Structures are given as structure tokens and as C-alpha cells.
Amino acid sequence: MKQHKILAIETSCDETSMAIIENGHTCLALTVLTQMATHAQFGGVVPEIASRMHTENITLVLADVLAQAKIKPQEIDAIAVTSSPGLLGSLLVGVETAKTLSYIWQKPLIAVNHLMGHIYANNLDQQMVFPLLALIVSGGHTQLMIMQDDYQYEIIGQTQDDAIGEAFDKVARILDLPYPGGPNIEQLASTGQPSYKLAIANCTGPYDFSYSGLKSQVVNLVHNEKQKSLTINKADLACSFQRAAIEQVIKQVKKAIIDYQIQNMIVAGGVAANKLLRAEITALATEKQVNLLIPPLKYCTDNAAMIGAAAYPLYLKKDFADLSLNADSQGNI
Ligand code: KG4
Ligand code: ZN
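In this report, we go over the structure that sits alongside the text. Residue indices follow the written sequence of each chain, beginning from 1 at its first position. Ligands are numbered from 1 and chains lettered from A, in the order in which they are written. Reporting of local features is limited, given that this is a predicted model, to residues whose pLDDT is at least 70; pairs of side-chain atoms are given and counted only at 80 or more, and all residues count toward the totals for whole chains, interfaces and linings. Hydrogens and waters are ignored; side-chain quantities use all the structure's heavy atoms.

Concerning the overall build of the protein chain
For step 1, the next point in the chain: Along the backbone of the protein chain there are 11 helices and 10 strands.
For step 2, the next point in the chain: For the radius of gyration, the atom set is restricted to C-alpha positions; the globular benchmark scales as 2.2 Å times the number of residues to the power 0.38. Taking 20 Å as the expected radius of gyration for a compact globule of 333 residues, we find that the protein chain reaches 20 Å, a close match to that expectation.
For step 3, the next point in the chain: Each of the three principal axes of the protein chain carries a C-alpha extent, and together these read 65 × 45 × 30 Å.
For step 4, the next point in the chain: Three labels apply to residues, based on accessible area from a 1.4 Å probe with only protein chains included: buried if under 20% of the type maximum, exposed if over 50%, partly exposed otherwise in between. In the protein chain, which comprises 333 residues, the share counted as buried stands at 55%.
For step 5, the next point in the chain: In this analysis, two residues are considered to be in contact whenever any of their non-hydrogen atoms come within 4.5 Å of each other. Here the analysis covers contacts within the protein chain between residues at least 6 apart in sequence; of these, 73% occur between residues at least 24 apart.
For step 6, the next point in the chain: Surface accessibility follows the Shrake-Rupley procedure with a 1.4 Å probe radius. Residue values consider only the protein chains on display as shielding. By element, 52% of the accessible surface of the protein chain is carried by carbon and sulfur atoms, the whole surface being about 14600 Å².
For step 7, the next point in the chain: Within the protein chain, one finds 24 positive and 31 negative side-chain charges whose respective centroids are separated by 4 Å. The way it works is that DSSP assigns letters per residue, a run of H or I at least four long becomes a helix, a run of E at least two long becomes a strand, and they are numbered from the N terminus. In this count, Lys and Arg are taken as positive residues and Asp and Glu as negative ones, while His and the chain termini are left out. All charge positions are set by atom: Lys at NZ, Arg at CZ, Asp at CG, Glu at CD.

Digging into the packing of helix 8 (residues 234–259) against helix 9 (residues 275–288)
For step 1, the next point in the chain: In this analysis an axis means a line fitted to C-alpha atoms, helices contributing only their contacting stretch, and an angle means the value between N-to-C directions, from 0 to 180 degrees. Where helix 8 meets helix 9, the axes come as close as 10 Å, and the angle between the chain directions of the two elements is 25°. Considered as vectors, helix 8 and helix 9 are oriented roughly parallel to each other. The handedness of the crossing between helix 8 and helix 9 is right-handed. Side by side, helix 8 and helix 9 meet where Gln-242, Arg-243, Ile-246, Val-249, Ile-250, Val-253, Lys-254, Ile-257 and Ile-258 of the first sit next to Leu-276, Leu-277, Glu-280, Ile-281, Leu-284, Glu-287 and Lys-288 of the second. For classification purposes, angles smaller than 35 degrees are called roughly parallel, those larger than 145 roughly antiparallel, those between 65 and 115 roughly perpendicular, and all remaining angles oblique. Should the near helix be turned anticlockwise from the far one by less than a right angle, the crossing is termed left-handed; should it be turned clockwise, right-handed.

With respect to the pairing of strand 9 (residues 264–268)
For step 1, the next point in the chain: Here strand 9 lies mainly inside the structure; five of its five residues are buried.
For step 2, the next point in the chain: Residues Asn-264, Ile-266 and Ala-268 point to one face of strand 9 and Met-265 and Val-267 to the other, with burial holding for every one of them.
For step 3, the next point in the chain: At least two bridges found by DSSP between two strands is the condition for calling them paired. Sheet topology places strand 6 (residues 132–137) next to strand 9; four bridges connect them, and they run parallel. Pairing of Leu-133 across the sheet is with Met-265, part of strand 9.
For step 4, the next point in the chain: For crossovers, right-handed means that the path from the first strand over the helix to the second runs clockwise, given strands pointing away from the viewer. The parallel pair strand 9 and strand 10 (residues 291–293) is bridged by helix 9, and the resulting crossover is right-handed.

Quick look at the site of ligand 1
For step 1, the next point in the chain: Taken together, 18 residues lie near ligand 1, and His-118, Gly-139, Asp-169, Glu-186 and Gly-270 sit nearest.
For step 2, the next point in the chain: By the criterion applied in these results, polar contacts are pairs of N or O atoms within 3.5 Å in which, for protein atoms, one can donate a hydrogen and the other can accept it, and in which residues neighboring in sequence qualify only through two side-chain atoms. Interatomic distance of 3.1 Å between a backbone N/O atom of Gly-165 and an oxygen atom of ligand 1.
For step 3, the next point in the chain: Between Asp-302 and ligand 1, the recorded distance is 3.1 Å, taken from a side-chain N or O atom to an oxygen atom.
For step 4, the next point in the chain: With the chains in place, 86% of the 550 Å² that ligand 1 exposes on its own is no longer accessible.
For step 5, the next point in the chain: Secondary-structure elements contributing two or more residues to the shell around ligand 1 are helix 4 (114–120), helix 5 (164–174) and helix 6 (181–189). Here, proximity means that at least one heavy atom of the residue falls within 4 Å of the molecule or strand.

What to know about the packing of aromatic side chains
Here a ring pair, both rings aromatic, is described through the centre-centre distance and the interplanar angle of the planes.
For step 1, the next point in the chain: Here the aromatic set is Phe, Tyr and Trp, taking the six-membered ring for Trp, and pairing holds for ring centres within 6.5 Å; pairs whose planes are under 30 degrees apart are stacked, those over 60 apart are edge-to-face, and all others are tilted. Per the counting criterion, the structure on display carries five aromatic pairs.
For step 2, the next point in the chain: Each ring, one from Tyr-315 and one from Phe-320, has its centre 6.2 Å from the other, and the planes form 55°; the classification is tilted.
For step 3, the next point in the chain: By relative accessible area, Phe-320 is classed as partly exposed at 34%.
For step 4, the next point in the chain: One aromatic cluster is present, formed by Tyr-312, Tyr-315 and Phe-320 through successive ring pairs.

Quick notes on the sheet that holds strand 6
For step 1, the next point in the chain: One open sheet holds the five strands; their spatial order is 8-7-6-9-10, and the pairing between them is mixed. Two strands in the sheet have a free side with no partner beyond their single neighbour: strand 8 (152–158) and strand 10. Averaged over all pairs of adjacent strands, the angle between strand axes in this sheet comes to 20°, irrespective of strand direction.
For step 2, the next point in the chain: In terms of strand pairing, strand 7 (residues 142–149) meets strand 8 through six bridges, oriented antiparallel. Opposite Met-147, over in strand 8, you have Tyr-153 as the bridge partner.
For step 3, the next point in the chain: The sheet strands contacting helix 8 are strand 6, strand 7, strand 8 and strand 9, and the helix crosses strand 6 at an angle near 165°.
For step 4, the next point in the chain: Its contacts with the sheet put helix 9 on strand 6, strand 9 and strand 10, and the angle it makes with strand 10 is roughly 160°.

Let's talk about the nonpolar core
For step 1, the next point in the chain: To define a nonpolar core, start from buried Ala, Val, Leu, Ile, Met, Phe, Trp, Tyr and Cys residues and group those joined through side-chain atoms within 4.5 Å. Membership of the largest hydrophobic core comes to 49 residues, with the highest contact counts inside it found for Leu-133, Leu-135, Phe-241, Val-253 and Met-265.
For step 2, the next point in the chain: For this core, the secondary structure elements donating two or more residues are strand 6, strand 7, helix 5, helix 6, helix 7 (212–227), helix 8, strand 9 and helix 9.
For step 3, the next point in the chain: Apart from the residues lying within four places of it in its own chain, the contact partners of Val-253 are Leu-133, Leu-135, Leu-144, Met-265, Ile-281 and Leu-284.
For step 4, the next point in the chain: Residues Ala-78, Ile-110, Tyr-120 and Ala-310 belong to the second largest nonpolar core, which totals 35 residues.

A closer look at unusual backbone geometry
For step 1, the next point in the chain: Look at the link from Phe-130 to Pro-131: it is a cis peptide, with omega at -5°.
For step 2, the next point in the chain: Here Pro-131 is to be found in the loop between helix 4 and strand 6.
For step 3, the next point in the chain: The linkage connecting Tyr-179 with the following residue, Pro-180, adopts the cis geometry, with an omega of 0°.
For step 4, the next point in the chain: On the secondary structure map, Pro-180 appears in the loop between helix 5 and helix 6.
For step 5, the next point in the chain: In this structure, Gln-289 is a non-glycine residue whose phi angle is positive, near 55°.
For step 6, the next point in the chain: Tracing the sequence through the fold places Gln-289 in the loop between helix 9 and strand 10.

Considering the sheet that holds strand 1 (residues 5–10)
For step 1, the next point in the chain: With mixed pairing, five strands are arranged side by side in an open sheet as 3-2-1-4-5. Whereas interior strands pair on both sides, the edge strands pair on one side only; in this sheet they are strand 3 (26–34) and strand 5 (109–113). Taken pair by pair, the neighbouring strands of this sheet meet at an average axis angle of 20°, ignoring direction.
For step 2, the next point in the chain: Summarising the sheet, strand 1 and strand 2 (residues 15–22) pair through six bridges and their orientation is antiparallel. From the neighbouring strand, Lys-5 faces strand 2, where its bridge partner is Glu-22.
For step 3, the next point in the chain: Set on the sheet, helix 3 (residues 88–105) makes contact with strand 1, strand 2, strand 4 (78–84) and strand 5; between it and strand 4 the angle comes to about 155°.
For step 4, the next point in the chain: Most of the contacts of helix 11 (residues 305–316) go to strand 1, to which it runs at about 130°, and overall it touches strand 1, strand 2, strand 3, strand 4 and strand 5.

Dropping the structure here:
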């Protein structure tokens, strides 16, 4: 059987990443060059700096991934790239690189949606089984989807305001923690107790989410304590916030599992790296006898391996893009 190798490129935010993925499941090589330290100095991603750094690093990342996999360009069957959503200037560096490689190597080009990438991270070294419930928890999205098959899905719930990762990042700022907020909140929370009472929002749709109210409660608490010249216990507040944020996820997922009689479930996106979320969702899946997949940590946050995995069903269908492909900062799934 022929082994199909896809070279995948991901530059939607602040990671310059390339991977070579075989048959949608096996990662032959992965390089992730993170710009985190640079952006941390500014408290968040600076789009202009991100795209400039992608431009500087992309050829180095290409050379590295080819060397790691010990393969020549002729052995690659297709070039896949994240074309939406993300920071426009960042996406463009990946898209233009992919188009150039596709043209000079004469290989088909595949446009991949970043969120689909997060979902298909669950196909790396393991196999998604349809139909399934997909929980997406990232910096830009919080969604519940029912997937009937590859690329066939229905969104049953989503955030009405902030995404969960965005809330982690904003609360981190309020607590003076460095960027990226999520992992730093998690670390601080591990040393605290859930001593602050934070309310969980009621949403309109049965499977929807809302995080801006939770964030405002943290802002108000910090503000009020400051006015009274009291000191906030930051570890306790981080712990209370993390619990409340994850409690809403578990509540909505539990409803969806029951209502849709779910047997298979996957979790996707950067917040899937959170240990409390992983533990709580695993416990829920065990209780409800649901087969659960969560990607290993290295495939949870942005990386090109997941883009190669998401490109494979499109490759099999010959769903190729042409050289007019453009980046789309908004593009939802
Ligand atoms: O999926 P991702 O890498 O980028 C997007 O596509 O948005 O997710 C990044 C988000 C950030 O908001 C980051 O703070 C959050 O995921 N995150 C975490 C953790 N690791 C990353 N949030 C909570 N706990 C973590 N361990
Ligand atoms: Zn992402």
C-alpha cells in the first residue's frame, strides 16, 4: 500500500510550525518554533511582530522538518496549509509558502481550517470513531459539535461572548501573570483553594457557553478588595476561576452526552492541555461510558501535525486548492 505523505504548514498565530504526516495518522516529523518569549514582553501576541518572525523563520523550519523526516521533496504527495481563521499577516506567510512549494514541487495544495486541525489532532497515533461529540476549547473558540463523519458536522452550542482560553488569558492579565495566561493560571491554581464564590452563567441555548460574566466577576473582586485595601489571594482566585470555567464545560458536555446519547467524544484546542479539564472530562466519560479521545499535550496547542491530519480526508477526496488561495482571518468551520 502506498504511504501518502503530507507536508503541513501552520502559522495562524505565534507558532511557526511544519510537519510531515503519513496517511493522516503518523507524524514523521514535527517542528514548532514558538515566538512566545518575544510576545510575552508585550503581554500578548503583537500581529506585526508575529508575521515578521514567521517570515524570518519559515525556511529554517522547512529545512529542519525535512531533515528530521530524512525525506526529499519528491517523496511528498501534497502540501497542506492553515488558510483560516487566524491573524491575517501570520496566515499569509504560511499560505504564500505553501503556494510556492506547491508550484515549484508540482504537488497538490490543500487548504485547512485551523479548528478542523485541532479536531483532527485526535487522529494522530489514534483513530476517531464517528459519530462523535467534539468539544473545542481554544483561545478563539468554545464549541460543541456533532460530527457524523469526516467534515460533516452540526454545531449544537458555542460561546455567546468570550472563548474559554480568552477568559484564561484575560484573568491572567488581571492577576498580573505573564502571557500565555492559560498555563500560568493553571500553575498558580495548583497552589490555591477554591475559596472565592464565582457564579456560572446561564446561557440561552442548552449547550452554549459564556465567559465574559465570569471574567467581570474576577475584575470586580480584585477592584473591590483593592478599594478596601485588602490583598487578594491570587492563587485562590486563580483556582476558583479555573474551577468555575471548567464546571460550565462539564455541565454543557454532560447535557449533550445525555440528550444525543453520545458514545464517542473528542476534545480539541489549547485549553485541552489543562489538567483539571482533562481529569474532569475523563471522569465524566467514564461515568457515562463514553469513548473519549484527548490529544497528547504536544498536539493540543498550535502545531502543524494536526493540520496534516486534517488535510488527509481532503487529500483522499482530491479536494485541492489552486494558486488563487488566499488567507481568511475570520473563516469559521
Ligand atoms: O488552540 P490554541 O493553541 O490557539 C487557538 O487556536 O486559539 O489555544 C490557545 C489558548 C490560549 O488561550 C491559552 O491560554 C490556552 O489555550 N491554554 C490553556 C492551557 N494551555 C493553553 N488554558 C488553560 N490551561 C492550560 N494548560
Ligand atoms: Zn489553535
